[in-house]
Structure formats: structure tokens, C-alpha cells
Amino acid sequence: MSAFAALADPTRRKILKLLRGGSLSAGEIAERFHLSKPTLSHHFRVLRAAGLVRAERRGTSIVYTLQSNALEDVAAELLELVADGRTKEKRKASS
């Protein structure tokens, strides 16, 4: 799954915002949502598949960590898209 598809969901964006403050266990994240465990597990799988978070087992817990380098790549792609769009708009305006 692409990072853009993963970021399209507001719940996944909220999870990423939480992880900006540091690594959290699945239970700590779950406490902040009114969602079933299978639903949250799905969101975690999507975020891992997109390379936006890393999961590490620590004892009986799974701890999620933000992959900031992946988010930086997504941000760079977005900036390129915006720049390309502006260039095309300028070309249209000057024609």
C-alpha cells in the first residue's frame, strides 16, 4: 500500500500524530480511540505496509514507532506535486 493511501484515512493520521510524541504500545494507542481491536490492528497493518511505522515486540506488547524518514519522503513528493502544478498553471497563464 502506498503512503498516500495510508494517509487518506483520518484514524491513521491521528495515530501518526500520536507517534510524533514518541513510541507507544498498541494498548496505549488503543486507549485514545473508540475502535475495536481488529479495526485498530487493520490500521496498524496498513501503516506498517506503507512503511510509515515500525512495530517491535517488547515482552507482551507491540510498540509502534514513527518512521520519520518515510514521512519526509512523502512530504518531498507532495512538494514536488505542488511545484509541478504551479509550473503548469504559470504555463497556462502565459499562453
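Let me sum up the structure you'll find in this document. (Residues numbered from 1 in each chain as written. Predicted model: local features only at pLDDT ≥ 70, side-chain atom pairs only at ≥ 80, totals over all residues. Heavy atoms only, no water.)

Notes on the nonpolar core
Next up, step 1: Residues Ile15, Leu16, Leu19, Ile29, Leu47 and Leu52 are the most contacted members of the largest nonpolar core, which totals 18 residues.
Next up, step 2: Listed by contribution, the elements that provide at least two residues to this core are helix H1 (3-7), helix H2 (10-20), helix H4 (37-49) and strand S3 (61-66).
Next up, step 3: With four residues, H4 is the largest single contributor of residues to this core. (Core = buried A, V, L, I, M, F, W, Y, C linked by side-chain atoms within 4.5 Å. Buried < 20%, exposed > 50% of the residue type's maximum accessible area, 1.4 Å probe, protein only. Helix = DSSP H or I, 4+ residues; strand = E, 2+ residues; numbered from the N terminus.)

Focus: the packing of H2 against H4
Next up, step 1: It is the contact of H2 with H4, at a shortest axis distance of 10 Å, that shows an interaxial angle of 75°. Between H2 and H4, the angle is such that the two are roughly perpendicular. Counted together, Thr11, Arg12, Ile15 and Leu16 of H2 and Leu40, His42, His43, Phe44, Val46 and Leu47 of H4 form the full contact between these two elements.
Next up, step 2: Across the contact of H2 with H4, the residue classes break down as six nonpolar, three polar and one charged. (Axes fitted to C-alpha atoms, helices over the stretch in contact; angles between N-to-C directions. Parallel < 35°, antiparallel > 145°, perpendicular 65-115°, else oblique. Contact = heavy atoms within 4.5 Å. Nonpolar A, V, L, I, M, F, W, Y, C, P; charged D, E, K, R; others polar.)

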